[in-house]
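One-letter residues, chain by chain:
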Amino acid sequence: MKRKTGQDRDITRKWRPATQAIRGGSARSEYGETSEALFLTSGYAYDCAEDAAARFSGDQQGMTYSRLQNPTVEMLEQRIALMEGAEACRSMATGMAAMTAALLCQLEIGDHVVASRALFGSCRWLTDTLLPKFGIKTTIIDGREFANWEAAIRPETKVFFFETPANPTMDIIDLKTVCGLAKSRAIVSVVDNAFATNVLQRPMEFGADVVAYSATKMMDGQGRVLAGAVCGNEEFINEVLLPFTRNTGPTLSAFNAWVVLKGLETLDLRIHRQSANALKIAEFLESRVARVNYPGLASHPQHALAMSQMDAAGPIMSLYLDGGRERAHGLLNALQLIDISNNIGDSRSLMTHPSSTTHYGLEEEARLEVGITEDMLRLNVGLEDSKDVMEDLHQALSSVGL
Ligand SMILES: *Cc1c(COP(=O)(O)O)cnc(C)c1O
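The shown structure was predicted, so the numbers you read here are calculated from the model rather than taken from an experiment.

## A few points about the pattern of salt bridges
Moving on, step 1. According to the stated counting rule, one finds 15 salt bridges in the structure shown.
Moving on, step 2. Of the charged contacts, one joins Lys158 and Asp111 as a salt bridge, the two residues approaching to 3.0 Å between their closest N and O atoms. Of the two residues, Lys158 sits in strand S4 (residues 157-163) while Asp111 sits in the loop between helix H5 (95-104) and strand S2 (112-116), which places them 47 residues apart along the sequence.
Moving on, step 3. Judged by its relative accessible area of 36%, Lys158 falls in the partly exposed class.
Moving on, step 4. Via salt bridges that share partners, Glu36, Arg79, Lys262 and Glu265 belong to a single interconnected network.

Here you go:
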């Protein structure tokens, strides 16, 4: 595996993110293929026993086993790190494997985590159920208020964990002040950046220490594979995260890594078009329903903050119909184009009822606290002609009397 002859690393590192998304991390085999090669191999053979020993001792560079290294997977990791502006990245089998590893690798009994309450359902399971089981205490706060972060800090606080925009209420967290507070108190900030991706928002530019992804969402972006990634500095990735993942094995398959590599090539195009479509649709919905949560709308209470840390508002919004589960389910059942599906970041428009699907596992009280009511729907706006999506919404809204 080699880079292009004469390619200067100092120059290639400086390429802008849209260029990195296509060329970052690419390494060619002896055949000179233009598209990245897919290495479906679990192991590697050595020329002699001494080479095998040297690989294991670290005296010789090279791969030993695909739980630990794979050429296709490494291309993806380097590409994501370059797009992120991070020193290093490790990919994972799923977004949840990424979140779990990013937290567990650095926490132990007696430690304390502060997390924002508006989190992806399974992330709330980590903070509310898994971590406490291992003697790691968690405090769940309304992360929109800076004072809540400050008030929750204890001497044993090790990690701040949050997502912005948050699923499904589209709450925004001020990256600069919250990550700055973490830094000033030697707390590691872990940001779940699945909704925006590094094309729309680069949390490290605002002081985040660790950025974690569900690459299943916008990065694949075409609803094909599950994948995850964790970005950080070299010390965190190589000395804290790597020992955990090498031995517990949440490794991304080479095939899925290859699919995400292909997805990244069009991420910049897709996410900007989906954001533009979503803004048009959010404006349309605002004239028809009780409320729309979309950070790109001037009516979003944190619109200015969102636009100060994001290039565009992304494909996802939520809306309230004013009429309970019956009306929400009625609208879903009337859809002709938009699929009823709980995935997001797909090139297809998808809609779900969070309280009975993605956030079903949360206690009702916790759901209501974050604004997940029975009449709330979440919409992922895809790449279809936005007029067709709007017409579908129009007829479905009309069918439930809106
Ligand atoms: C989907 C999602 C996850 C989990 O990712 P998987 O790839 O489904 O495991 C985590 N956080 C956020 C914000 C998500 O949207």
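## Section: the packing of aromatic side chains
Moving on, step 1. Taken as a whole and assessed by the stated rule, the structure comprises three aromatic pairs.
Moving on, step 2. Here Trp149 and Phe162 contribute two aromatic rings whose centre-to-centre distance is 5.5 Å and whose plane-to-plane angle is 65°, an arrangement assigned as edge-to-face. Separated by 13 residues along the polypeptide, Trp149 in helix H7 (residues 146-152) and Phe162 in strand S4 bring together distant segments of the chain. As far as burial versus exposure is concerned, Trp149 and Phe162 are alike and both buried.

## Overview of the sheet that holds strand S1 (residues 88-92)
Moving on, step 1. Reading across the sheet, the seven strands line up as S1-S7-S6-S5-S4-S2-S3 and stay open at both edges, with mixed pairing between neighbours. Strand pairing shows two members of the sheet lacking a second neighbour, S1 and strand S3 (137-141), which therefore form its edges. Between one strand and the next, the sheet's axes are offset by a mean angle of 20°, whatever the strand orientation.
Moving on, step 2. Pairing analysis gives five bridges linking S4 to strand S5 (residues 188-192), with the strands arranged parallel. The residue bridging Phe162 from the neighbouring strand is Val191, located in S5.
Moving on, step 3. Those strands touched by H5 are S1, S4, S5, strand S6 (210-214) and strand S7 (228-232), and its axis lies near 155° from that of S6.
Moving on, step 4. In the packing of helix H10 (residues 234-248) onto the sheet, the strands contacted are S1, S6 and S7, and the crossing angle to S1 comes to about 25°.

What counts and what doesn't
- Residues numbered from 1 in each chain as written.
- Predicted model: local features only at pLDDT ≥ 70, side-chain atom pairs only at ≥ 80, totals over all residues.
- Heavy atoms only, no water.
- Salt bridge = Lys/Arg side-chain N within 4 Å of Asp/Glu carboxyl O.
- Helix = DSSP H or I, 4+ residues; strand = E, 2+ residues; numbered from the N terminus.
- Buried < 20%, exposed > 50% of the residue type's maximum accessible area, 1.4 Å probe, protein only.
- Phe/Tyr/Trp six-rings, centres within 6.5 Å; stacked < 30°, edge-to-face > 60°.
- Pairing = 2+ DSSP bridges.
- Axes fitted to C-alpha atoms, helices over the stretch in contact; angles between N-to-C directions.
- Contact = heavy atoms within 4.5 Å.

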